[in-house]
Amino acid sequence: MQRLKKGNYKLPAYLLVIMNILGFGLLCMANNFDPNIMYIGLGIMAFLLLVYCIVVVCRMGDKFLILIASMLITIGLLMLCRLNLKMGVRQIIWIGLGVIVFFTSYCIYYNIWFWDKMWFVYLGLGTVLFIMTLTLGQKVSGSTNWLSIAGIYFQPSEITKILYVMFLSCYYSKSWEYPVLKIKPKYITAMGTYLFILFLVMQRDWGTILVLFLIYIFMIYIYENGFGFLAANFMLAAVTALLGYKFLYHIRVRVSVWLDPWSDIANKGYQITQSLFAIASGGYFGRGLGNGSPSYIPEVHTDFIFAAICEEMGVFGGAAVIILFFLLSYRCFKIALGAKNPFNKAVGVGLTLMFAFQTFIIIGGVIKFIPLTGITVPFVSYGGTSIIASFISLGIMQAISAKEVRGEKRAGK
Amino acid sequence: MRENKRIIHVLIVISILFLSLLTYLLYFNMFRAEEVALNSYNRRQWDEERYVKRGSIYDCEGIVLAETVIGDDNSQTRRYPKGRLYSHIIGYYSKVYGKSMLEMKYDSMLLGKGDISLSFGELKEGYDLNLTINHKLQEYAYNQMNSRSGAAVAMNPQTGEILAMVSLPDFDPTPEAIERDWNNIVEKENSPLLSRAVQGAYPPGSTYKIVTAAAAFEEGRNNEEFNDTGKFEQGSLTVDNFNSKAYGKINLKKGFAVSSNFVFCTLGYEMGAEKMKNITERFYIGKDFDFDLPMNTGTIGYKSMNSSDSALVAIGQGKLLTSPLQMAMITSCVANGGNMMKPYLVDSVTTDNGYVVKKNRPQSLALPISENCADYVKELMVETVKTGTGRNAQISGVTVAGKTGTAENETEKSHAWFVGFAPSENPKIAVAVILEYDGGEGGVHAAPIAKNIMSKYLSLK
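Please read these numbers as outputs of a predicted model, since none were measured by experiment.

Conventions adopted
- Each chain carries its own residue numbering, running from 1 in the written order of its sequence.
- For this description, chains carry letters from A and ligands carry numbers from 1, given in the order in which they are written.
- Totals for whole chains, interfaces and linings use every residue, but because this is a predicted model, local features are given only for residues with pLDDT of at least 70 and side-chain atom pairs only at 80 or more, for both listing and counting.
- Counting from the N terminus, the helices are the DSSP runs of H or I reaching at least four residues and the strands are the DSSP runs of E reaching at least two.
- Three exposure classes are used. Buried residues have 20 or more other C-beta atoms within 10 Å of their own C-beta, exposed residues have 12 or fewer, and partly exposed residues fall in between, all C-beta atoms being placed from the backbone.
- By definition, residues are in contact whenever their C-beta atoms, placed on the basis of the backbone, come within 7 Å of each other.
- For this scheme, ten residues count as nonpolar: Ala, Val, Leu, Ile, Met, Phe, Trp, Tyr, Cys and Pro. Four count as charged, namely Asp, Glu, Lys and Arg, and the remainder, Gly too, count as polar.
- Pairing between strands is defined by DSSP: at least two bridges between them are needed.
- What counts as an axis is a line fitted to C-alpha atoms, over the stretch in contact for a helix, and the angles between N-to-C directions run from 0 to 180 degrees.
- Confidence scores labelled pLDDT are given residue by residue by the predictor and lie between 0 and 100.
- Every helix has an expected span of 1.5 Å times one less than the residues it contains.
- Each nonpolar core reported here comprises buried Ala, Val, Leu, Ile, Met, Phe, Trp, Tyr and Cys residues connected via C-beta atoms within 7 Å.
- Roughly parallel refers to an angle under 35 degrees, roughly antiparallel to one over 145, roughly perpendicular to one between 65 and 115, and oblique to any angle outside these ranges.
- In a left-handed crossing the near helix is turned counterclockwise from the far helix by less than a right angle, and in a right-handed crossing that turn is clockwise.

Caption draft 1: Expanded view of the overall build of chain B. A tally of helices and strands in chain B yields 14 helices and 21 strands. Here chain B holds 461 residues, and 49% of them are scored as buried. Within chain B, residue pairs in contact and separated by at least 24 positions form 67% of the contacts whose partners lie at least 6 positions apart.

Have a look at this one:
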């Protein structure tokens, strides 16, 4: 309440206003003063501010999470409108749906208290989603990770990541201690993890594999007493990675392209070199919104959107995006640290790790800091599933934070 | 709580990861981006050029040497009205194969970069280059070379301005021709893309005796008498005079005029490796400087050099290699009283309404020898044209100074060299001519070309 009176929560909201007006204003100028762009900018700005007001007024916990996410959404939408206005409009629809999902997941998570008892539901649902993807899935650019339901395409792996975090949390919050078929839950979580990873290998979704595995490793580090189990998992991963490198052509190509993309610019190194050309051409301050040529970058609206941001908004624009994600992770860590309910704490940490690693893996890949594995940038990339999954996670984080702020007693338990 | 402690560890790890992303992004932009952005696969380089009318290139009198023409469909074409004549100075400009020579070096100027005027849609004008080249002389020199392989460089010894520079064989620089014939041009045995005047590396042969004579003057050996037996022998090294002619008792002046290998090998041998190395470096061989075109710096070629090597270097053989531009610079240095001027090709950069963006002024590059020494060598060179091997370079009414060279190489056919300047009292032009693998004497084949170029230039004034 103190903070609310002091009013310091307003300042970041002003930044959001400035970003929207300047960004969309510039884009409007670059597009021969197309008024539609200005309407989009003002509309999304009003919408995001409304969401922010609801979060503040209804005392839904941390006020900065939604602000940071709004800024990221603004930057992403700005870039998408610049790339392709129709795509930008579709993204707005997804954002609208995402916000509805945000409040829904917030309410559901806030009011249900038996989340920690349902590990088998998460495992089962995840497995079903994977099997559906593998049997009914569509192949899009080398990965079989798209599912089409009633004409709408979506990527189940985005949802499974959240299910996976919930599944792990059941065990690590110590609410699931009974063995199943004489197998300790510790080993069931390990088996579940590797089952998911196996499914993802079949889909060739290397980026998500990396995210899941890193979440698992860090969860073990946080919750397991000794380091033996951690080391065992690490060894297993190392051996698998080496075998993968030796026998899977895909992985070998990715590593060799990462080490030297310049020897085969026209073919294997095409994606990453186009991305680097874009970043290099942008310089520190970028070529200006609408002045660059991001259309040369393949997959620019999803995986490579960061390269487009760097080209037109400069390395400083790119750095701003990285810092925003860093702030988002920091706020999430804070919520997780403050959570008293062990399950909420575990879910908080898991989702935080998910955000952090997902951004690190894709941004690091696009700037050739680590080998490239295609995943989306949360809140920024184009794509319904990505936006909705990000909003679900955000809703859950918000609910955890709200439970903390308002006190557990009044929450649904 | 143990978990919270561990979560903080993880937070630290995540912070390090994000920080490393930021650091790498900045590192990439600071140290790698320039090279990456200029990669020929980066299509953006051509994007910007769609909005700019590339600047024109003019000779010293305003004759158009390169221009961009806008077609009816707003397409731009680079045109070279003088055809092949400037293929080794201006270079080519192709969307497929990139740019070379001045088109490359002055790319950002030609595109008018740094011009901060705002433009909305309309075509921006790039900057124009005004060269020091005199088109009439360039054309004349080109015709004098008569399609023979080699190079001719003419410069103003007092300023360093390049007046004409021909390299042969050449190629058709128009974008269509480059794109059509690229493989042919690249694979051709006589390498037409090699700009011989600046990138060639030739043994300078007897023209290098200019440098040796300067060294001898510095060592006080200019009045010595030699007993020329026609054959220099020292250990396993034997060097004959041209046509094995023995001149008997001669001094340095006479030895220079008849180009006696005996005299100069003896001097090189006795003055030693250090002296020859030192004077070669002073004449800027093997040293880089900022020139408008990519050039070969030349080399003395030896890591450790003994007196026999020094005897060979003294007559411009052995492992010594120089470019025709460097020989023109050495000649200019003697002509200009020991002050070596920095050669340059671009006089000024101007906007289309005449505002001067950049102006190059004459600059001294080095002072390799004293004025006395330069005057002495000049005297030897005048004598060479008057009575010695350079008689074919005489111009009536003008005192010409020069030196011939017939440089042996890996083939049977020697290179024919001539370097010289005129008028010797107040040098206006210095010339270096080489006909590669010519097989003839420099004094017979190269000297008349140099003479004609000099006399043409003096008559232009």
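That shown, we press on.
Caption draft 2: Molecular detail of the overall build of chain A. Tallying secondary structure elements over chain A gives 15 helices and three strands in all. Looking at chain A as a whole, 50% of its 413 residues qualify as buried. When contacts within chain A are restricted to residue pairs at least 6 apart in sequence, long-range pairs at least 24 apart make up 68% of them.

Caption draft 3: Spotlight on the interface of chain B and chain A. On the side of chain A, 32 residues touch chain B, which itself brings 25 residues to the contact. Every element with two or more residues in the side of chain B that touches chain A is listed here: helix 1 (2-37) and helix 2 (44-49) of chain B. Element by element, the count of residues in the side of chain B that touches chain A is highest for helix 1 of chain B, at 19 residues. For the side of chain B that touches chain A, the residue count by class is 16 nonpolar, four polar and five charged.

Caption draft 4: Here's a closer look at the sheet that holds strand 9 (residues 150-155) of chain B. Residues and elements named next belong to chain B. Reading across the sheet, the five strands line up as 10-9-21-20-19 and stay open at both edges, with antiparallel pairing between neighbours. Strands with a single pairing partner mark the edges of an open sheet, and in this sheet they are strand 10 (162-168) and strand 19 (401-407). Adjacent strand axes in the sheet meet at a mean angle of 5° when their direction is disregarded. Judged from the seven bridges that link them, strand 19 and strand 20 (residues 415-422) form a sheet pairing that is antiparallel. Within the sheet, the bridge partner assigned to Thr 406 lies in strand 20 and is Ala 416. Across the face of the sheet, helix 12 (residues 324-335) comes into contact with strand 9, strand 20 and strand 21 (429-435) while running at roughly 150° to strand 21. Across the sheet, helix 13 (residues 371-387) touches strand 19 and strand 20, and the angle it forms with strand 19 is around 75°.

Caption draft 5: Structural detail: the confidence of the model for chain B. Averaged over all residues, the pLDDT of chain B is 88; the fraction at 70 or higher stands at 98%. Reported confidence for the predicted complex is 0.91 by ipTM and 0.65 by pTM.

Caption draft 6: Up close: the pairing of strand 19 of chain B. Among the seven residues of strand 19 of chain B, seven are classified as buried, and the element is accordingly described as predominantly covered. In strand 19 of chain B, alternate side chains face the same way, and those of Ala 401, Lys 403, Gly 405 and Ala 407 of chain B on one face and Gly 402, Thr 404 and Thr 406 of chain B on the other are all buried.

Caption draft 7: Molecular detail of helix 13 of chain B. Residues and elements named next belong to chain B. Between its first and last C-alpha, helix 13 extends 24 Å over 17 residues, near the 24 Å set by a 1.5 Å rise per residue. Of all the positions in helix 13, only Cys 373, Ala 374, Tyr 376, Val 377, Lys 378, Leu 380, Met 381, Val 382, Thr 384 and Val 385 are classed as buried. Where helix 13 is buried, its residues contact helix 8 (209-218), helix 9 (252-257), helix 12, strand 19 and strand 20.

Caption draft 8: Representation of the nonpolar core within the structure. Membership of the largest hydrophobic core comes to 134 residues, with the highest contact counts inside it found for Ile 215 and Phe 306 of chain A. Sort the elements by how many residues they give to this core and helix 13 (residues 305-338) of chain A lands first, with 17 residues. Discounting chain neighbours no more than four positions away, the residues touching Ile 215 of chain A are Val 165, Gly 350, Leu 353, Met 354 and Phe 357 of chain A. Judged by nonpolar contacts, the second largest core, of 122 residues, contains Ala 152, Met 276, Met 329 and Tyr 376 of chain B.

Caption draft 9: Local environment of unusual backbone geometry. In this model, Leu 168 of chain B is joined to Pro 169 of chain B through a cis peptide bond whose omega is 0°. Its location among the elements puts Pro 169 of chain B in the loop between strand 10 and helix 6 (175-187). Cis geometry is adopted by the peptide bond preceding Pro 423 of chain B, which originates at Ala 422 of chain B and carries an omega value of -20°. Notably, Phe 33 of chain A is not glycine yet its phi reads approximately 55°, a positive angle.

Caption draft 10: Just helix 14 (residues 342-366) of chain A, in detail. Residues and elements named next belong to chain A. Here helix 14 is 25 residues long and its end C-alpha atoms lie 36 Å apart, about the 36 Å a rise of 1.5 Å per residue gives. Counting buried positions along helix 14 yields 24 of 25 residues, so the element is predominantly enclosed. Positive backbone phi, at 65°, marks Lys 368, one or two positions downstream of helix 14.

Caption draft 11: Just the packing of helix 13 of chain A against helix 1 of chain B, in detail. Helix 1 of chain B packs onto helix 13 of chain A with a crossing angle of 180° between their chain directions and a minimal axis gap of 10 Å. As summarised for this structure, helix 13 of chain A and helix 1 of chain B are arranged roughly antiparallel, according to the angle between their axes. On helix 1 of chain B, the residues touching Val 315, Gly 318, Ala 319, Ile 322, Phe 326, Ser 329, Phe 333, Ala 336 and Leu 337 of chain A of helix 13 of chain A are Asn 4, Ile 7, Leu 11, Ile 14, Phe 18, Leu 21, Leu 22, Leu 25, Leu 26 and Asn 29 of chain B. Its residues assigned to classes, the contact of helix 13 of chain A with helix 1 of chain B comprises 15 nonpolar, four polar and no charged.

Caption draft 12: Region of the structure containing the sheet that holds strand 4 (residues 76-79) of chain B. Residues and elements named next belong to chain B. Reading across the sheet, the six strands line up as 4-3-2-8-16-17 and stay open at both edges, with mixed pairing between neighbours. Where the open sheet ends on each side, the last strands, each with one partner, are strand 4 and strand 17 (356-359). Sheet topology places strand 2 (residues 57-58) next to strand 3 (residues 64-70); two bridges connect them, and they run antiparallel. For Tyr 58, the partnering residue across the bridge sits in strand 3 and is Val 64.

Caption draft 13: Spatial organisation of the environment of Val 405 of chain A. Residue and element names in this part refer to chain A. As for its position among the elements, Val 405 is in helix 15 (residues 384-406). Residue classification places Val 405 among the partly exposed residues on the basis of 15 C-beta atoms within 10 Å. Taking C-alpha positions, Val 405 is 9.4 Å from Ala 339, a pair spaced 66 residues apart along the chain. Sequence-distant contacts of Val 405, defined by excluding residues within four places in its chain, comprise Arg 59 and Gly 61.

Caption draft 14: Focus on the packing of helix 10 (residues 261-282) of chain B against helix 11 (residues 307-314) of chain B. Residue and element names in this part refer to chain B. For the pair helix 10 and helix 11, interaxial distance at closest approach is 7 Å and the crossing angle is 115°. Two packed elements cross with a definite hand, and for helix 10 against helix 11 that hand is right-handed. Packed against helix 10, whose contacting residues are Phe 264, Cys 265, Leu 267, Gly 268, Tyr 269, Gly 272, Ala 273 and Met 276, the element helix 11 presents Ser 307, Asp 309, Ser 310, Ala 311, Val 313 and Ala 314 at the interface.

Caption draft 15: Layout of the confidence of the model for chain A. Looking at chain A as a whole, its pLDDT mean stands at 86, while 93% of the residues score no less than 70. When mean pLDDT is compared element by element in chain A, helix 14 of chain A scores highest at 93, while helix 1 (residues 2-6) of chain A scores lowest at 52.

Caption draft 16: How the structure looks around the pairing of strand 21 of chain B. All names here are of chain B. The buried fraction of strand 21 is high, at seven of seven residues. What you see with strand 21 is no split at all: Ile 429, Val 431, Val 433 and Leu 435 on one side and Ala 430, Ala 432 and Ile 434 on the other are buried throughout. One ladder, built from six bridges, connects strand 9 with strand 21; its direction is antiparallel. From the neighbouring strand, Met 155 faces strand 21, where its bridge partner is Ala 430. Sheet analysis places strand 20 next to strand 21, joined by seven bridges and oriented antiparallel. Its bridge partner lying in strand 21, Ala 416 is registered against Leu 435. What sits between the antiparallel neighbours strand 20 and strand 21 is a turn of six residues.

Caption draft 17: Local environment of the environment of Ile 453 of chain B. Counting through the fold element by element, Ile 453 of chain B comes out in helix 14 (residues 442-460). Residues Ile 453 of chain B and Ala 430 of chain B, 23 residues apart in the sequence, show an inter-C-alpha distance of 9.7 Å.

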